[in-house]
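Letter by letter, the chains look like this.
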Amino acid sequence: LKELGSLCSDRIALYCRRCIVFYSVSKTIGMDYQEVEKVEPTKLLSLLLSPQPYVADMALCRNLITGFLRPLNSGVLAEVLASSFVESMLTEGPMRWTEEKLDEFVSLLSLPELLGDAALSRIPNFRKDNRNEPQLVLDLQSEVEVLIMAYHSYVKGCCERSVIELLSFLDSRAALYVE
C-alpha cells in the first residue's frame, strides 16, 4: 500500500495511509480491521491510550489523528487525552512521566494549550467557573501529575497567561502538596 500510495493522487495516498494505520490499530488493540473502520477515531485513540498512555505507541496515535482529510476536533482530542491521562492514574496509580514522553504525549495536539485546559478542568477549585461540572476525586500525587502535564502543555503552547494562572494556583496550594 505504501508503494501504491506514492503513485496515486494525494487523496488516494491518504486513503492508503489510513488503511495502513487502521491495520496497525487493529493489531494493537486486538480488534478486527473491518470493525476498526467503523469506530470513531477518538474512540480508537482512547483504546490506543488505554490502560496506560505512558506505554502507548505515540507515533501510531499521531498517525491516527492526522490520517483524515478533515482535521479531527482539537477540543474533543484534548478531552480524550486528558481523560486517558487521569483515568490511568485512577486505575494504575500516579506515574512520573519523563520529559520526553510527556512532550511526545502533549505534541499529539496541534494546540497543546487545549490539553492543559482539559486537564485542569479535572482539578477541583482550579477555576471558579468549573463548579457546575462533576469533579473527579484525585489524590494529591495524581493532582500534581495533572498540574505538571497542564504546565507542560501551556509552556509548549506559549500560553504565558495560563502559566501565570497555574503558578498562582500552585502558590495558593503549595502547603497542601508539601505536607
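Preceding this paragraph is the structure being described.
## Focus: the environment of R173
Thinking step 1. Take R173: it is sitting in helix 10 (residues 160-178).
Thinking step 2. Contacts of R173, omitting those with residues within four sequence positions, involve P124, N125, L140 and E143.

## Here we look at the packing of helix 4 (residues 41-49) against helix 6 (residues 74-92)
Thinking step 1. Where helix 4 contacts helix 6, the two axes come as close as 10 Å, and the packing angle between them is 20°. Overall, the two elements helix 4 and helix 6 adopt an arrangement that is roughly parallel. You can see that helix 4 and helix 6 cross each other, and the crossing is right-handed. Residue-level inspection shows T42, L45, S46 and L49 of helix 4 in contact with helix 6, the latter providing V76, L77, V80, L81 and S84.
Thinking step 2. A class-by-class count of the residues in the contact of helix 4 with helix 6 yields six nonpolar, three polar and no charged.

## Focus on helix 9 (residues 140-156)
Thinking step 1. Here helix 9 is 17 residues long and its end C-alpha atoms lie 24 Å apart, about the 24 Å a rise of 1.5 Å per residue gives.
Thinking step 2. For helix 9, every residue scored as buried is listed here: S142, E143, E145, V146, L147, M149, A150, H152, S153 and Y154.
Thinking step 3. Packing partners of the buried residues in helix 9 comprise helix 6, helix 7 (99-106), helix 8 (112-120) and helix 10.
Thinking step 4. You can read the cap of helix 9 off the contacts: a side-chain oxygen lies 3.1 Å from the backbone nitrogen of Q141, and it is on D139.
Thinking step 5. Positioned one or two residues after helix 9, C158 has a phi angle of 55°, which is positive.

## Focus: the pattern of salt bridges
A side chain of one charge can pair with a side chain of the opposite charge when the charged atoms of the two come close.
Thinking step 1. Scanning the entire structure with this criterion turns up five salt bridges.
Thinking step 2. Among the salt bridges present, the one from R122 reaches E79, with a minimum N-O distance of 2.9 Å. Of this pair, R122 sits in the loop between helix 8 and helix 9 while E79 is found in helix 6, placing the two residues 43 residues apart along the sequence.
Thinking step 3. Residue R122 is classed as buried on the basis of its relative accessible area, which comes to 11%.
Thinking step 4. According to the relative accessible area criterion, E79 is partly exposed, its value standing at 36%.

## Concerning the side chain of K101
Thinking step 1. The topology assignment puts K101 in helix 7.
Thinking step 2. Of the side chains with opposite charge, E104 lies nearest to the buried K101, which makes no salt bridge, at 4.0 Å.
Thinking step 3. Contact partners of K101, with chain neighbours within four places excluded, come to Y54 and A56.

## A few points about helix 8
Thinking step 1. Of the positions making up helix 8, those classed as buried are P112, L115, G116, A118, A119 and L120.
Thinking step 2. Residues of helix 8 that are buried make contact with helix 6, helix 7, helix 9 and helix 10.

Cut-offs and rules
- Residues numbered from 1 in each chain as written.
- Predicted model: local features only at pLDDT ≥ 70, side-chain atom pairs only at ≥ 80, totals over all residues.
- Heavy atoms only, no water.
- Helix = DSSP H or I, 4+ residues; strand = E, 2+ residues; numbered from the N terminus.
- Contact = heavy atoms within 4.5 Å.
- Axes fitted to C-alpha atoms, helices over the stretch in contact; angles between N-to-C directions.
- Parallel < 35°, antiparallel > 145°, perpendicular 65-115°, else oblique.
- Left-handed = near helix turned anticlockwise from the far one by under 90°.
- Nonpolar A, V, L, I, M, F, W, Y, C, P; charged D, E, K, R; others polar.
- Expected span 1.5 Å × (residues − 1).
- Buried < 20%, exposed > 50% of the residue type's maximum accessible area, 1.4 Å probe, protein only.
- Polar contact = N/O pair within 3.5 Å; in protein donor to acceptor, adjacent residues only side chain to side chain.
- Salt bridge = Lys/Arg side-chain N within 4 Å of Asp/Glu carboxyl O.
- Lys, Arg positive; Asp, Glu negative; His and termini not counted.

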